[in-house]
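# Overview (structure and organization)
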Amino acid sequence: MRVLLVDDEEELVATLAERLDMRDIDAAWATDYRTALAMIKEREFDIALLDVRMPEMNGLELKRLIEAQRPDMKFIFLTGHGSEEDFKACSAESGKEYYLIKPVQIEVLIAKLNEICQGQGERG
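What comes next is a walk through the structure. (Residues numbered from 1 in each chain as written. Predicted model: local features only at pLDDT ≥ 70, side-chain atom pairs only at ≥ 80, totals over all residues. Heavy atoms only, no water.)

## Let's talk about the side chain of Lys102
- Of note, Lys102 is situated in the loop between strand 5 (99-101) and helix 5 (106-123).
- Reaching out from Lys102, the side chain makes a polar contact with the side chain of Glu9 at a distance of 2.8 Å.
- Among residues more than four places away in sequence, those in contact with Lys102 are Asp7, Glu9, Leu12, Asp51, Leu78, Thr79 and Gly80. (Helix = DSSP H or I, 4+ residues; strand = E, 2+ residues; numbered from the N terminus. Polar contact = N/O pair within 3.5 Å; in protein donor to acceptor, adjacent residues only side chain to side chain. Contact = heavy atoms within 4.5 Å.)

As structure tokens, this is what we get:
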């Protein structure tokens with residue numbers, strides 16, 4: 001499983017990537033949309049974990065740009081705000097309730113990643 005983590009909080013994404021790598025999940029990270037878009041041109045990812053609220057471009061907008069290049073990628077949205085509005089927007093956008101609230105527990109994230117990847121296998 002290859003995961004791209006995108007959040008403007010560098011310490012958060014670096015730590016999550018390190019913890020996923022320790023569990024044999026190939027994780028890369030970016031702190032802005034430009035870096036994330038460059039990374040998906042160079043590497044294949046199965047799932048992107050996108051912060052809902054980031055400077056310059058939010059996670060929903062970034063999802064649309066990524067999907068234009070990688071239509072088979074799956075997404076999880078992450079927010080520290082946890083508002084019902086964010087939840088509804090992300091659920092509608094993703095088609096499922098792939099939405100986690102910061103601080104995210106690594107076990108919860110891994111369970112969600114596995115759930116999404118297993119779903120891919122069943123459809124594909």
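Read on, since the account is not over.
## Some remarks on the pattern of salt bridges
- Summed over the entire model, instances satisfying the criterion amount to nine salt bridges.
- Between Asp51 and Lys102 there is a salt bridge, and its shortest N-O distance comes to 3.5 Å. Taken together, the residues span a long stretch of sequence, with Asp51 in strand 3 (residues 47-51) and Lys102 in the loop between strand 5 and helix 5 at a distance of 51 residues.
- Residue classification places Asp51 among the buried residues on the basis of a relative accessible area of 2%.
- Overall, the relative accessible area of 15% leaves Lys102 in the buried class.
- Here the salt bridges do not stand alone but share partners, grouping Asp7, Glu9, Asp51 and Lys102 into one network. (Salt bridge = Lys/Arg side-chain N within 4 Å of Asp/Glu carboxyl O. Buried < 20%, exposed > 50% of the residue type's maximum accessible area, 1.4 Å probe, protein only.)

## Observations regarding the environment of Lys74
- For Lys74, the position within the fold is in strand 4 (residues 74-79).
- Relative accessible area serves as the criterion here: at 23%, Lys74 is assigned to the partly exposed category.
- In sequence terms Lys74 and Lys63 are 11 residues apart; their C-alpha atoms lie 9.2 Å from each other.

## Some words on the pairing of strand 2 (residues 26-30)
- When strand 1 (residues 2-6) meets strand 2, the two strands line up parallel, connected through five bridges. Each bridged residue has a counterpart across the sheet, and for Leu5 the counterpart in strand 2 is Trp29.
- After leaving strand 1, the chain enters helix 1 (residues 10-21) and then returns to the sheet as strand 2, a path that is right-handed. (Pairing = 2+ DSSP bridges. Right-handed = clockwise from strand over helix to strand, strands pointing away.)

## Re helix 2 (residues 33-42)
- Listed in full, the buried residues belonging to helix 2 are Tyr33, Ala36, Leu37, Met39 and Ile40. The arc that holds the buried residues of helix 2, viewed along the axis, is 160°, so those residues lie on one side. Exposed positions of helix 2 whose direction lies more than 90 degrees from the buried face are Lys41 and Glu42.
- Packing partners of the buried residues in helix 2 comprise strand 1, strand 2 and helix 3 (59-69).
- At the N-terminal end of helix 2, a side-chain oxygen is found 3.0 Å from the backbone nitrogen of Arg34, two or three residues along, and the residue is Asp32. (Arc of directions from axis to C-beta.)

## Structural notes on the packing of helix 2 against helix 3
- Interaxial distance between helix 2 and helix 3 falls to 10 Å at its minimum, and their mutual angle equals 15°. The angle between helix 2 and helix 3 falls in the class roughly parallel. Helix-helix and strand crossings are classified by hand; for helix 2 and helix 3 the assignment is right-handed. Contact with helix 2, carried on its side by Tyr33, Ala36, Leu37, Ile40 and Lys41, involves Leu62, Leu65, Ile66 and Gln69 of helix 3 and no other residues of that element.
- A per-class count over the contact of helix 2 with helix 3 returns seven nonpolar, one polar and one charged. (Axes fitted to C-alpha atoms, helices over the stretch in contact; angles between N-to-C directions. Parallel < 35°, antiparallel > 145°, perpendicular 65-115°, else oblique. Left-handed = near helix turned anticlockwise from the far one by under 90°. Nonpolar A, V, L, I, M, F, W, Y, C, P; charged D, E, K, R; others polar.)

## A few points about the sheet that holds strand 3
- Within the open sheet, the five strands sit side by side as 2-1-3-4-5. Their pairing is parallel. At either margin of the open sheet sits one strand with a lone partner, and together these are strand 2 and strand 5. For this sheet, the mean angle separating the axes of adjacent strands, direction not counted, is 20°.
- Note that strand 4 and strand 5 share three bridges and pair parallel. Considered in strand 5, the bridge of Thr79 is made with Ile101.
- This element, helix 1, spans strand 1, strand 2, strand 3 and strand 4 of the sheet and lies at about 170° to strand 2.

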